[in-house]
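Remarks on the overall topology
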Protein chains: 2
Amino acid sequence: MKKMGCPYGTHRVIEPKGVLPQPAQKIDNSMEIYDNEILLDVQTLNVDSASFTQIKEQAGGDLDKIKEIMTGIVSERGKHHNPVTGSGGMLIGTVAKIGEGLKGKTDLKVGDKLATLVSLSLTPLVIEEINEIRKDIDQVDIKGQAILFESGIYAVLPDDIAENLALSVLDVAGAPAQTAKLVKPGDTVVVIGGYGKSGMLCLYEAKKRAGVTGKVICVGRRKEGIDGIRDLDLADEYVVANSTNAVELMEAVKEATNGEMADVVINCVNIPNTEMGSILAAKDTGLIYFFSMATSFTKAALGAEGIGRDTTMLIGNGYTKGHAEISLQIMRESEALRKKFEELYA
Amino acid sequence: MKKMGCPYGTHRVIEPKGVLPQPAQKIDNSMEIYDNEILLDVQTLNVDSASFTQIKEQAGGDLDKIKEIMTGIVSERGKHHNPVTGSGGMLIGTVAKIGEGLKGKTDLKVGDKLATLVSLSLTPLVIEEINEIRKDIDQVDIKGQAILFESGIYAVLPDDIAENLALSVLDVAGAPAQTAKLVKPGDTVVVIGGYGKSGMLCLYEAKKRAGVTGKVICVGRRKEGIDGIRDLDLADEYVVANSTNAVELMEAVKEATNGEMADVVINCVNIPNTEMGSILAAKDTGLIYFFSMATSFTKAALGAEGIGRDTTMLIGNGYTKGHAEISLQIMRESEALRKKFEELYA
Ligand SMILES: NC(=O)c1ccc[n+]([C@@H]2O[C@H](COP(=O)([O-])OP(=O)(O)OC[C@H]3O[C@@H](n4cnc5c(N)ncnc54)[C@H](OP(=O)(O)O)[C@@H]3O)[C@@H](O)[C@H]2O)c1
Ligand SMILES: NC(=O)c1ccc[n+]([C@@H]2O[C@H](COP(=O)([O-])OP(=O)(O)OC[C@H]3O[C@@H](n4cnc5c(N)ncnc54)[C@H](OP(=O)(O)O)[C@@H]3O)[C@@H](O)[C@H]2O)c1
């Protein structure tokens, strides 16, 4: 075996030097592991939605073309890091080998089946064969191998939740877990994009944490979308508003809160230009959690300053301690939500 | 007089409808005020550094060309909102008229001299004449008028601090004020870009709040830059490191903290690609305040997730309650820092 590598995987960065594997152009994907690495036999890639959409378009929907593009990315970069969208995804695999240096440090054992919770955009990967492409849910079955760094996070797949369902939930695990940490009893909470995948999980956690003295408001842009989740009883109020129209969203939240506005706003949309609406939906002393990757740093910073708002605005770190457990637990607690997720995302 | 307008100024947005004045393409800059607006006679524009650099370049340094570009922007958009950089700046002016609806609501009186603390990119402005351009410090004296909305924040200029000095300090007031709120006694604090304008103010506040049991570390990329502020005694340790090299920065902070890393990281640089270095400089449970406008939301979010870090990351809202008072107070408390600021920025 080789010597110890950097916990963050910088020992595998080929170019440019000095950066971490995620921003790197090219990393070393030789499958001989360092002493603090874990080798995985890969079963399924769950390609990031933005990335897979781009690849499908470039391939004109042709399956062989998709395969060609995917293997091309990996042979060029040593990882499935889409050069157009910059994003990755996650994978399901089985532990094949554990570096000597990790003995006693990890609970994993050879044969464990897990989902990686770090992006494919930083994971050394080799694709030997692409077996099946499930175009509708962005999943691709392959024969191949991957490396998990010492700092790499993962979730061992539970026995009581189907793999595809677990993968869908884990994809957005950071959002409900952060919601659980941010919402306090009695809070008024607005979830923007509330009937989306991360939105529903956030509503569930928000209602649980805000409790009977709190108020949870689901905001979505289409009435049919809202109607589709009413029977799940995830929110106290439902509001139809286009959140790119800041004033429309503010007025809607004002009405739903009797002018009080929200203590916590969780932004789960998948489109740009909702920063200002999120700020106006919150109290001056409020807190906004931007989970949406379409958030612009400058629009949020200048937006709040521009109207003299002291709002605290958090960059949606996709990781927080226990996020996998918290999100999977929702599938166990709520029969109704589990059914909805199986119907939509598995 | 006209009727009441929206506190945020949406009543002056010409296009597109539904947005706030900041993101708007064009706003109404007629100088007849609404009942909740304040009319200002403008003396000096302090153009945002990124914006003014762009204008100077486009003009090839020619003063008449600069005037032409500036008046062109305002006549087209109704505000000094640079279409290339998207940024604005601030202004110094005197209160000329106060809307009826603000009587009893504002402490201002006609004749007060103030600096606006909301961006020029949302402030209705008319330039009648450009009198003087001070190219080196981005300040332009004009004859003209501007409107302050009801939600618009400002600072009445103090008698004991020169106007230009006050303007320079107020430009970055959010950074030291946030530092004052985030740093607790005993904290280890890293300020990246520590010998810059906002950086020095943050160091000062950090040292004051962290106290004798804390440790404040100044990070800069040039040894001469560090040496230039050593005699100000703003930090406990000084580190030369290029913060775009994440590993170099991490190792330097590791050494300066005996491997403990920072409780709070304040990012005050003016260049991109320092997100990963900031994350690695912080403890897993640490907090990062990104004041730099060159911060990328996705690089920060994916960066932390990619190495499984639970770091809390704040979007640098340029406003927080009391920010003007807190930053100006530093100029009164520290004779040495005031001299340095007069030398460099006034
Ligand atoms: N590490 C991370 O922080 C991380 C990880 C994963 C995902 N994400 C981000 O999280 C976001 C949400 O992901 P997801 O899987 O939950 O997406 P999703 O299921 O597609 O949900 C997005 C929701 O936003 C709604 N929406 C779109 N435009 C809107 C508007 N103008 N006003 C109000 N609502 C609007 C959509 O409604 P319609 O269905 O009507 O369009 C949909 O319900 C994405 O931006 C993704 O990039 C972040
Ligand atoms: N509302 C807001 O949030 C708000 C308001 C105002 C300003 N800002 C932002 O705040 C930031 C700082 O403003 P400022 O006026 O303090 O700027 P500044 O005085 O120019 O300071 C920037 C500092 O960063 C240092 N730096 C540059 N590259 C570096 C590197 N690779 N490693 C370490 N340090 C490096 C510079 O050092 P050298 O001198 O050696 O280059 C300089 O000391 C800007 O990005 C600005 O956009 C935000």
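Predicted model only: the values in this text are computed from it and were never measured.

1. Some thoughts on unusual backbone geometry
At the junction of Glu15(A) and Pro16(A), the peptide bond is cis and its omega measures out at -10° in the coordinates. Structurally, Pro16(A) can be placed in the loop between strand 1 (13-15) and strand 2 (26-27). One non-glycine residue, Met261(B), lies in positive phi territory at about 65°. Tracing the chain through its elements places Met261(B) in the loop between helix 7 (246-256) and strand 12 (262-267).

2. Side note on the interface of chain B and chain A
If you look at the interface, chain B gives 45 residues, while chain A gives 45 residues. Both faces combined, the contact of chain B with chain A buries some 4100 Å², and carbon together with sulfur accounts for 65% of it. The largest per-residue losses of area from chain B upon contact with chain A belong to Phe297(B), Glu305(B) and Ile315(B), which jointly make up 18% of the total buried on that side. Applying the counting rule to chain B against chain A returns six salt bridges.

3. Details of the UniProt feature "domain: L-erythro-3,5-diaminohexanoate dehydrogenase N-terminal" (unreviewed entry) in chain A
Taking the numbering used here, the UniProt-annotated feature "domain: L-erythro-3,5-diaminohexanoate dehydrogenase N-terminal" (unreviewed entry) corresponds to residues 11-158 of chain A. As annotated, residues 11-158 of chain A has a helix share of 17% and a strand share of 35%, and its two end C-alpha atoms lie 32 Å apart.

4. Structural notes on the site of ligand 1
Around ligand 1, the structure places 23 residues, and the nearest of them are Tyr195(A), Lys197(A), Ser198(A), Arg221(A) and Arg222(A). Near ligand 1, the surrounding residues are drawn from chains A and B. A distance of 2.6 Å is found between an oxygen atom of ligand 1 and a side-chain nitrogen or oxygen belonging to Tyr195(A). In the complex, the protein chains occlude 83% of the 950 Å² of accessible area that ligand 1 would expose alone. Taken together, the residues of the shell around ligand 1 break down into eight nonpolar, 10 polar and five charged.

5. As for the pairing of strand 5 (residues 113-116) of chain B
Residues and elements named next belong to chain B. As defined by bridge partners, strand 4 (residues 89-98) adjoins strand 5 across three bridges and the pair is classed as antiparallel. Looking at strand 5, one finds that Ile92 is bridged to Ala115. Note that strand 5 and strand 8 (residues 154-156) share three bridges and pair antiparallel. The residue of strand 8 that forms the bridge with Thr116 is Tyr154.

6. Re the sheet that holds strand 8 of chain B
Residues and elements named next belong to chain B. Taking strand neighbours across the sheet as the criterion, the six strands line up as 6-7-3-4-5-8 in an open arrangement whose pairing is antiparallel. Both outer strands of the open sheet, strand 6 (125-134) and strand 8, are each paired with one neighbouring strand and no more. For this sheet, the mean inter-axis angle between neighbouring strands, taken without regard to orientation, is 30°. Packed onto the sheet, helix 2 (residues 63-77) meets strand 3 (38-47), strand 6 and strand 7 (139-148) and runs at close to 160° relative to strand 6.

7. Observations regarding the site of ligand 2
Taken together, 22 residues sit near ligand 2, with Tyr195(B), Lys197(B), Ser198(B), Arg221(B) and Arg222(B) positioned nearest. The local environment of ligand 2 is shared, drawing residues from chains A and B. Contact distances for ligand 2 include 2.7 Å between an oxygen atom and a side-chain N or O atom of Arg222(B). The separation between an oxygen atom of ligand 2 and a polar side-chain atom of Asn270(B) is 3.2 Å.

8. Some details on the pattern of salt bridges
Evaluated as defined, the whole model comprises 50 salt bridges over all chains. Linking Asp141(B) and Arg134(B) is a salt bridge whose minimum nitrogen-to-oxygen distance equals 2.8 Å. Classification of Asp141(B) as buried rests on a relative accessible area of 17%. The network of salt bridges with common partners includes Lys181(A), Lys321(A), Asp284(B) and Asp310(B).

9. Looking at the relation of the copies chain B and chain A
Mapping chain B onto chain A leaves a residual RMSD of 0.1 Å; the transformation is a rotation of 180° accompanied by 0.0 Å of translation along its axis. In the structure described here, the two chain copies are related by an operation that fits a two-fold rotation axis. Interface overlap between copies: 100% of the residues of chain B at the interface are likewise at the interface in chain A, consistent with a symmetric, same-surface contact.

10. Topic: the sheet that holds strand 7 (residues 139-148) of chain A
Residue and element names in this part refer to chain A. Taken together, the six strands give an open sheet; going across it, the order is 6-7-3-4-5-8, and neighbouring strands pair in antiparallel fashion. Two strands lie at the open edges of the sheet, namely strand 6 (125-134) and strand 8 (154-156), each paired on one side alone. Direction aside, neighbouring strands of the sheet carry axes that sit 30° apart on average. Sheet strands touched by helix 2 (residues 63-77): strand 3 (38-47), strand 6 and strand 7. Its angle to strand 6, the strand with the most contacts, is close to 160°.

11. A closer look at the nonpolar core
Within the largest apolar cluster, 168 residues are counted, with the highest numbers of intra-cluster contacts made by Leu45(A), Leu337(A), Leu45(B) and Leu337(B). With residues near it in sequence (within four places) discarded, Leu337(A) still touches Met200(A), Leu201(A), Tyr204(A), Leu232(A), Leu234(A), Ile330(A) and Met331(A). Judged by nonpolar contacts, the second largest core, of 66 residues, contains Ala241(A), Met261(A), Ile307(B) and Ile315(B).

Cut-offs used in this document
- Residues numbered from 1 in each chain as written.
- Chains lettered and ligands numbered in written order.
- Predicted model: local features only at pLDDT ≥ 70, side-chain atom pairs only at ≥ 80, totals over all residues.
- Heavy atoms only, no water.
- Helix = DSSP H or I, 4+ residues; strand = E, 2+ residues; numbered from the N terminus.
- Contact = heavy atoms within 4.5 Å.
- Buried area = accessible area lost by both parts, 1.4 Å probe.
- Salt bridge = Lys/Arg side-chain N within 4 Å of Asp/Glu carboxyl O.
- UniProt positions renumbered as here; feature names shortened; annotations may be inferred.
- Near = heavy atom within 4 Å.
- Polar contact = N/O pair within 3.5 Å; in protein donor to acceptor, adjacent residues only side chain to side chain.
- Areas by Shrake-Rupley, 256 points an atom, 1.4 Å probe, with all protein chains shown as cover.
- Nonpolar A, V, L, I, M, F, W, Y, C, P; charged D, E, K, R; others polar.
- Pairing = 2+ DSSP bridges.
- Axes fitted to C-alpha atoms, helices over the stretch in contact; angles between N-to-C directions.
- Buried < 20%, exposed > 50% of the residue type's maximum accessible area, 1.4 Å probe, protein only.
- Least-squares fit on C-alpha atoms with pLDDT ≥ 70 in both.
- Core = buried A, V, L, I, M, F, W, Y, C linked by side-chain atoms within 4.5 Å.

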